[in-house]
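Given next are the chains, with one letter for each unit.
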Amino acid sequence: MSTQPVKPETVAPEWPAAKPADIDAATASAIIEARAISEELTREHGVPAVIVGHGIDPVTNGPVVRVDTAEGLIALAIPAVGEPYVIQRGGQRLLGLQAVRRPRAQVATVARQFVGVLQARNLV
């Protein structure tokens, strides 16, 4: 039996397309806030985790919290600081929340207003 190390015969090619996307600080902050809101919805407001998610909306290309409802995906768009939160479906605005995004996240308030709208429409 040989004790020499085995050398690989081929080297795996580099995959330049597999690099992570460049995300600016504002978008990264909004994604983190979307995650916190989605966790708040499941933990404190009883929305089933299986129907809640967060990510980048392919239509608006912005961070959102998504809730899968009987009427389809309803999304809470995470706006720029100083702008109001907007509830949308398919990139189309349904209505706005009273909450305005601040530099310090107000996750509980936004989650409470969002779930209130969903419950008022019997979607959760």
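None of the values given here were measured: they were computed from a predicted structure. Throughout, residues of each chain are indexed from 1 in the direction in which the sequence is written. Confidence filtering applies because this is a predicted model: local features only for residues at pLDDT of at least 70, side-chain atom pairs given and counted only at 80 or more, and all residues used for totals across whole chains, interfaces and linings. Computation of side-chain values covers all heavy atoms of the structure but excludes hydrogens and water.

Attention now moves to the overall build of the protein chain. Scanning the protein chain from N- to C-terminus turns up two helices and five strands. Partly exposed residues are those whose accessible area sits between 20% and 50% of the maximum for their type, while under 20% is buried and over 50% is exposed, using a 1.4 Å probe and protein chains only. Looking at the protein chain as a whole, 31% of its 124 residues qualify as buried. Partitioning the intrachain contacts of the protein chain with sequence separation of at least 6 by distance along the chain shows that 36% fall at a separation of at least 24. Each helix corresponds to a stretch of at least 4 residues labelled H or I by DSSP, and each strand to a stretch of at least 2 residues labelled E; elements are numbered beginning at the N terminus. Residue contacts are defined here by distance: any two heavy atoms, one from each residue, within 4.5 Å place the two residues in contact.

For glutamine 88, the location among the structural elements is in strand 4 (residues 84-89). Using a relative accessible area of 6% as the deciding quantity, one classes glutamine 88 as buried. Counting along the chain gives 15 residues from glutamine 88 to leucine 73, while the straight-line C-alpha distance between them is 8.8 Å. Polar contacts, as used here, are pairs of N or O atoms within 3.5 Å; protein pairs need one atom able to donate a hydrogen and one able to accept it. Residues neighboring in sequence count only if both atoms are side-chain atoms. Of the polar contacts made by the side chain of glutamine 88, one reaches the side chain of aspartate 57; its length is 3.4 Å.

Salt-bridge detection follows one rule: a side-chain nitrogen of Lys or Arg within 4 Å of a carboxyl oxygen of Asp or Glu. Applying the stated criterion to the full structure yields five salt bridges. For arginine 101, the salt bridge goes to glutamate 33, with nearest N and O atoms at 2.7 Å. Of this pair, arginine 101 sits in the loop between strand 5 (92-100) and helix 2 (107-120) while glutamate 33 is found in helix 1 (residues 25-44), placing the two residues 68 residues apart along the sequence. The pair formed by arginine 101 and glutamate 33 is uniform in burial state, with each residue classed as buried. Arginine 35 is the partner of glutamate 39 in a salt bridge, and the nearest nitrogen-oxygen pair spans 3.2 Å. Here the residue glutamate 39 and the residue arginine 35 both occupy positions in helix 1, the gap between them amounting to four residues, near one helical turn. Through salt bridges with shared partners, a single network forms among Glu40, Arg43 and Glu44.

A word on the environment of glycine 96. Inspection of the secondary structure assignment puts glycine 96 in strand 5. In this structure glycine 96 comes out as partly exposed when scored by relative accessible area, which is 31%. Along the primary structure glycine 96 and leucine 76 are separated by 20 residues, whereas in three dimensions their C-alpha atoms are 9.1 Å apart.

For asparagine 61, which is not a glycine, the phi torsion comes out positive at approximately 60°. Phi is positive for asparagine 122, which is not a glycine, with a value near 55°. As for its placement among the helices and strands, asparagine 122 is situated in the segment after helix 2.

Note: two strands are recorded as paired if DSSP finds a minimum of 2 bridges between them. Read from one edge to the other, the open sheet built from five strands follows the order 1-2-3-4-5, with strand pairing classed as antiparallel. Of all the strands in the sheet, just strand 1 (52-56) and strand 5 have a single pairing partner and so form its edges. Adjacent strand axes in the sheet meet at a mean angle of 25° when their direction is disregarded. Along the sheet face, helix 1 touches strand 1, strand 2 (63-69), strand 3 (72-77) and strand 4 and points at about 175° away from the line of strand 1. Fitted lines through C-alpha atoms serve as axes, helices being fitted only where they are in contact, and the angles separating the N-to-C directions of these axes extend from 0 to 180 degrees. On the sheet, helix 2 packs against strand 2, strand 3, strand 4 and strand 5 and is oriented at approximately 140° with respect to strand 5.

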